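# Fold and geometry: a report
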Amino acid sequence: MRVLVTGAGGQLGHDLLAVLQARDGIDATGLAHSELDVADRRSVEDAIAGVRPEVVIHAAAWTAVDACESDPDRAYQVNSLGTRHVVEAARAHGAHACLISTDYVFDGMAGRAYLEWDEPHPLSVYGRSKLWGEREMGPEDTIVRTSWVCGADGSNMLRTVLRMLREGGDRPLRFVDDQWGCPTFTPGLASVVAALALERRPGIYHVTHQGPTTWYGFASEIVAGAGGSRDRVEPISTSDLDPPRPAPRPAYSVLDNAAMRLQGMDLLEDWHDALVRLMVVLHERGEW
Ligand SMILES: NC(=O)c1ccc[n+]([C@@H]2O[C@H](COP(=O)([O-])OP(=O)(O)OC[C@H]3O[C@@H](n4cnc5c(N)ncnc54)[C@H](OP(=O)(O)O)[C@@H]3O)[C@@H](O)[C@H]2O)c1
C-alpha cells in the first residue's frame, strides 16, 4: 500500500514516516515543507499524481499558534486551503485522507473532557483555521484530533524545559496552572494515526495520552524526571503572563478518546510513562 505523509519534516510527520516505513507491505513517502507547499494547489496535485498514494496522512500545518493571530491569511492559506488542496487531490486519485487536527478547535469552557461529538468553538485564528480544515474532509475520511504534542525533534514543551535546565541558573521556571490538557508523545500518537488511516476509519477520533494536567504540572514532571527540584517550577495564572500571549488558549481542552474507547480500541497509556520513554531517548542524545 502506498502512503503519502505531508509535513514529514515536522515532529509528528517524522515519526509517522518512521512507523510506516517499519511496517511490511507499506511503501511510505514523506514530503517535507521544502518539497511540498500544501498552500500551492498545483504542487499538491502534482505530488499526489506522482506518488499515487492509496492513503494520504496530512500532518502539515502552520502550528505557530501566536503568529497565526497576526497573519490570519497565512493561517487559513496553509491550514484551511492547504487541507482543501490535499483532500481534493486525494479524492481525485481515489486515496483515503487523514487529517491531523487539534484540541484548540474547542473553547475549553465545558468544564469536562471533550467528546468527538461536542460542538467546536475555537478561540484563536489557529483553532479556526484548523476547524475549517476539518470541514474540508469528507464523511469517509479520518480526522485525528490531538493535543500538546511532543516528539524527540522539533520545538515543544519537553525540549523547552530541558533547554531551560541546561542553561542553568536558579531562575524560577514559571508555567501556567490554569490551562489543562493531555500531553501526547509522537511515537505513540504516530502508531495510532497510522493504524486509523491504514484501516480507513471514517470520522473523528480524539487521540491523546491519558491523564489531564496543566502546563505547570507537565513542567514539574519534566524537571523532576531530569533530576531537578520541583520547587524550581512556579505556578502562575494565564493573566500573570507578561506580556500576554497573542492567542487565547482553551482553559480545559482535555480530549476524551471516546470514539476509540467506545469501540474497545486500546488507548495510549498515561502520559507520565510516555514522557519517561522520550526522556530516555533525549538523555541518550545528551539533551539533559
Ligand atoms: N504541536 C502541537 O502541540 C499540536 C497539538 C495538536 C495538534 N497538532 C497538529 O498536529 C500536526 C503535526 O504537528 P507537529 O506538532 O508535528 O507540528 P510541526 O512540528 O510544526 O510540523 C508541521 C510541519 O508542517 C510544515 N508546514 C508548515 N507550513 C507548510 C506548508 N505550507 N506546506 C507544507 N508543510 C508545511 C512545517 O514546516 P516548517 O517547519 O517549515 O514550517 C512542519 O514541518 C499538525 O496538523 C498540528 O496542527 C499539533
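First, a word on what this report is: a plain description of the structure on this page. Keep in mind it's a predicted model, so treat the numbers as computed, not measured.

## Observations regarding the pattern of salt bridges
Inspection of every chain in the model, using the stated rule, returns 18 salt bridges. Between Arg 84 and Glu 136 there is a salt bridge, and its shortest N-O distance comes to 2.9 Å. Of this pair, Arg 84 sits in helix 4 (residues 72-92) while Glu 136 is found in the loop between helix 5 (125-134) and strand 5 (142-146), placing the two residues 52 residues apart along the sequence. We note a salt bridge from Arg 261 to Asp 256, for which the minimum N-O separation is 2.9 Å. Here the salt bridges do not stand alone but share partners, grouping Arg 41, Arg 42, Glu 45 and Glu 88 into one network.

## Re the state of the cysteines
Going through the model one piece at a time under the given rule, you end up with zero disulfides. Left unpaired, Cys 68 is separated from the closest cysteine sulfur, that of Cys 150, by 18 Å. The closest cysteine sulfur to the non-disulfide-bonded Cys 182 is located on Cys 150, 12 Å from its own sulfur.

## Examining the environment of Gly 286
Structurally, Gly 286 can be placed in the segment after helix 10 (271-284). Linking Gly 286 and Ser 237, residues 49 residues apart in sequence, is a C-alpha distance of 32 Å.

## A closer look at the site of the ligand
Within the structure, the ligand sits among 22 residues, and Leu 12, Asp 37, Thr 63, Tyr 126 and Lys 130 are positioned closest to it. A distance of 2.9 Å separates a nitrogen atom of the ligand from a polar backbone atom of Val 38. Val 149 has a polar backbone atom sitting 3.0 Å from an oxygen atom of the ligand. Considering the ligand on its own, with 890 Å² of exposed area, one finds that the protein chains cover 80% of that surface. Those elements that provide at least two residues to the shell around the ligand are helix 1 (11-21), strand 4 (96-102) and helix 5. At three residues, the largest contribution of residues to the shell around the ligand is made by strand 4. Taken together, the residues of the shell around the ligand sort by class into eleven nonpolar, nine polar and two charged.

## Some thoughts on the packing of aromatic side chains
Scanning the model with the defined rule gives seven aromatic pairs in all. Each ring, one from Tyr 104 and one from Tyr 126, has its centre 6.2 Å from the other, and the planes form 85°; the classification is edge-to-face. Of this pair, Tyr 104 sits in the loop between strand 4 and helix 5 while Tyr 126 is found in helix 5, placing the two residues 22 residues apart along the sequence. Pair check on accessibility: Tyr 104 and Tyr 126 agree, each one buried. Between Arg 74 and the ring centre of Trp 62, over which it is positioned, the NZ or CZ distance is 4.0 Å. Above the face of the Trp 132 ring, Arg 135 is positioned so that its terminal group lies 4.7 Å from the ring centre.

## What about the pairing of strand 4?
Counting buried positions along strand 4 gives seven out of seven residues, so the element sits mostly inside the fold. Judged by which residues are buried, strand 4 turns out to be covered on both faces: His 96, Cys 98, Ile 100 and Thr 102 on one side and Ala 97, Leu 99 and Ser 101 on the other are all buried. Of the strand pairs in this sheet, strand 3 (residues 55-58) and strand 4 are connected by four bridges, and their pairing is parallel. Counterpart to Val 55 in the pairing with strand 4 is His 96. Sheet topology note: the strand 4/strand 5 ladder contains five bridges and is parallel.

## Structural notes on the side chain of Lys 130
Looking at the element boundaries, Lys 130 is found in helix 5. Summary of buried charges: Lys 130 has no salt-bridge partner, and the nearest side chain of opposite charge, Glu 134, is 7.7 Å away. Here Ile 100 takes part through its backbone oxygen, which lies 2.8 Å from a polar atom of the side chain of Lys 130. Filtering out sequence-adjacent residues up to four positions away, Lys 130 remains in contact with Ala 61, Asn 79, Ile 100, Ser 101 and Thr 102.

Conventions and cut-offs
Residues numbered from 1 in each chain as written. Predicted model: local features only at pLDDT ≥ 70, side-chain atom pairs only at ≥ 80, totals over all residues. Heavy atoms only, no water. Salt bridge = Lys/Arg side-chain N within 4 Å of Asp/Glu carboxyl O. Helix = DSSP H or I, 4+ residues; strand = E, 2+ residues; numbered from the N terminus. Disulfide = S-S within 2.5 Å. Near = heavy atom within 4 Å. Polar contact = N/O pair within 3.5 Å; in protein donor to acceptor, adjacent residues only side chain to side chain. Areas by Shrake-Rupley, 256 points an atom, 1.4 Å probe, with all protein chains shown as cover. Nonpolar A, V, L, I, M, F, W, Y, C, P; charged D, E, K, R; others polar. Phe/Tyr/Trp six-rings, centres within 6.5 Å; stacked < 30°, edge-to-face > 60°. Buried < 20%, exposed > 50% of the residue type's maximum accessible area, 1.4 Å probe, protein only. Lys NZ or Arg CZ within 6 Å of the ring centre and 35° of its normal. Pairing = 2+ DSSP bridges. Lys, Arg positive; Asp, Glu negative; His and termini not counted. Contact = heavy atoms within 4.5 Å.

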